[in-house]
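Residue-level structural notes
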Amino acid sequence: MRLDLSDSCGGKGARNSLATPGVLCEHLPVIEFRDAAAGDALAVATVQVASWREAYRDQLPAEYLAELSVPDRDRFWAQVVTEPPPRTGIVLALRDETVVGFAAYGPATDTDDPALGQLFAIYLDPACWDTGIGRQLHAIVLDRLRAHGFTGAVLWMLDGNVRAARFYRLAGWDDPGRTMMERFGDVERALRQLSRDL
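Quick summary incoming for the structure in this document. Values in this document were obtained by computation on a predicted structure and should not be read as measured data.

**Topic: the overall build of the protein chain**
Within the protein chain one finds 5 helices and 7 strands. Starting at the N terminus and walking to the C terminus, you meet the elements of the protein chain as β-α-α-α-β-β-β-α-β-α-β-β. With 198 residues in all, the protein chain has 46% of them scored as buried. Counting only carbon and sulfur atoms, one obtains 49% of the accessible surface of the protein chain, whose full area is about 9600 Å².

If you want it as structure tokens, here you go:
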């Protein structure tokens, strides 16, 4: 099964929807990180859709973002969680048992190189941006990739996403200059590949 960037969070005991925007991470206390399990898909989907609508509001058509479906994403992530392809996983970030972020990883999808992994997605509740949770999630996922035997990793990001580009640059990702086109509703946008050693 191919994991793609257009696909969000839940957890054992996690609520099925985000709390009041801007409140979850206002006074950051303890953040728990754990692997996703059965029942987490809806929370993952909720975080993803909320993050996409905020992060890409100036980059993707408003109609496309408005039509993003939590139930559709829920079905996708439920299959990933219950029938995970080999060497894949989803790590959740939770505050007070509420999922506020997630990251998905596994083997790179466009190569036969068994040593190359991929960061498929890393998304946070927008209220939790710029709190350090993303950096922690990122570090955990890199450790998981290494534990699965990967020695390098790639990711695809929406070209022109300044926030993401800055995050990944500071985290040690390089730009090899590879792009591809992806359709989002009725429009095409360029995706840019980044890579790094593990």
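Further notes follow.
**Some details on the nonpolar core**
Counting 29 residues, the largest nonpolar core has Trp52, Leu60, Trp77, Ile90 and Phe102 as its most contacted members. Elements that contribute at least two residues to this core include exactly helix H1 (41–55), helix H2 (62–66), helix H3 (70–82), strand S2 (89–95), strand S3 (98–107), strand S4 (116–124) and strand S5 (152–158). Not counting the four nearest positions on each side in its chain, leucine 60 is found in contact with Trp52, Leu65, Leu158, Phe184 and Arg189. If you look at the next biggest cluster of nonpolar residues, it comprises 24 residues, including Ile31, Leu124, Cys128 and Ile133.

**Comments concerning the pattern of salt bridges**
As enumerated under the stated definition, the model contains 11 salt bridges in all. The partner of aspartate 40 in a salt bridge is arginine 34, with the nearest N and O atoms 3.0 Å apart. Taken individually, aspartate 40 and arginine 34 each receive the classification buried, so the pair is uniform in this respect. For aspartate 130, the salt bridge goes to arginine 163, with nearest N and O atoms at 3.3 Å. Remark: arginine 163 occurs in helix H5 (residues 162–170) and aspartate 130 occurs in the loop between S4 and helix H4 (133–147); sequence separation between them is 33 residues.

**Some details on H1**
Counting along an α-helix, one turn takes 3.6 residues, and residues three or four places apart therefore face a common direction. Given a rise of 1.5 Å per residue, 15 residues ought to cover 21 Å, and the 21 Å separating the end C-alpha atoms of H1 matches this to within 8%. Within H1 the residues assigned to the buried category are Ala41, Ala43, Val44, Ala45, Thr46, Val47, Gln48, Val49, Ser51 and Trp52. Contacts made by the buried residues of H1 are with H2, H3, S2, S3, S4 and strand S6 (179–184).

About the criteria used
- Residue positions are counted from 1 within each chain, in the order its sequence is given.
- Confidence filtering applies because this is a predicted model: local features only for residues at pLDDT of at least 70, side-chain atom pairs given and counted only at 80 or more, and all residues used for totals across whole chains, interfaces and linings.
- Just so you know, side-chain values use all the structure's heavy atoms and leave hydrogens and water out.
- Helix and strand definitions here come from DSSP, where helices need a minimum of 4 consecutive H or I residues and strands a minimum of 2 consecutive E residues; each element is numbered from the N-terminal end.
- Here the term buried applies to any residue with accessible area under 20% of the maximum for its type, exposed to any over 50%, and partly exposed to those in between, with areas from a 1.4 Å probe on protein chains only.
- In this description, accessible areas are obtained by the Shrake-Rupley approach with a 1.4 Å probe, and a residue is regarded as covered only by the protein chains that are shown.
- Put simply, buried Ala, Val, Leu, Ile, Met, Phe, Trp, Tyr and Cys residues joined by side-chain atoms within 4.5 Å make one nonpolar core.
- Residues count as neighbours in contact if any of their non-hydrogen atoms are within 4.5 Å of one another.
- Each reported salt bridge corresponds to a side-chain nitrogen of Lys or Arg within 4 Å of a carboxyl oxygen of Asp or Glu.
- Helix span is expected to be 1.5 Å times the residue number reduced by one.

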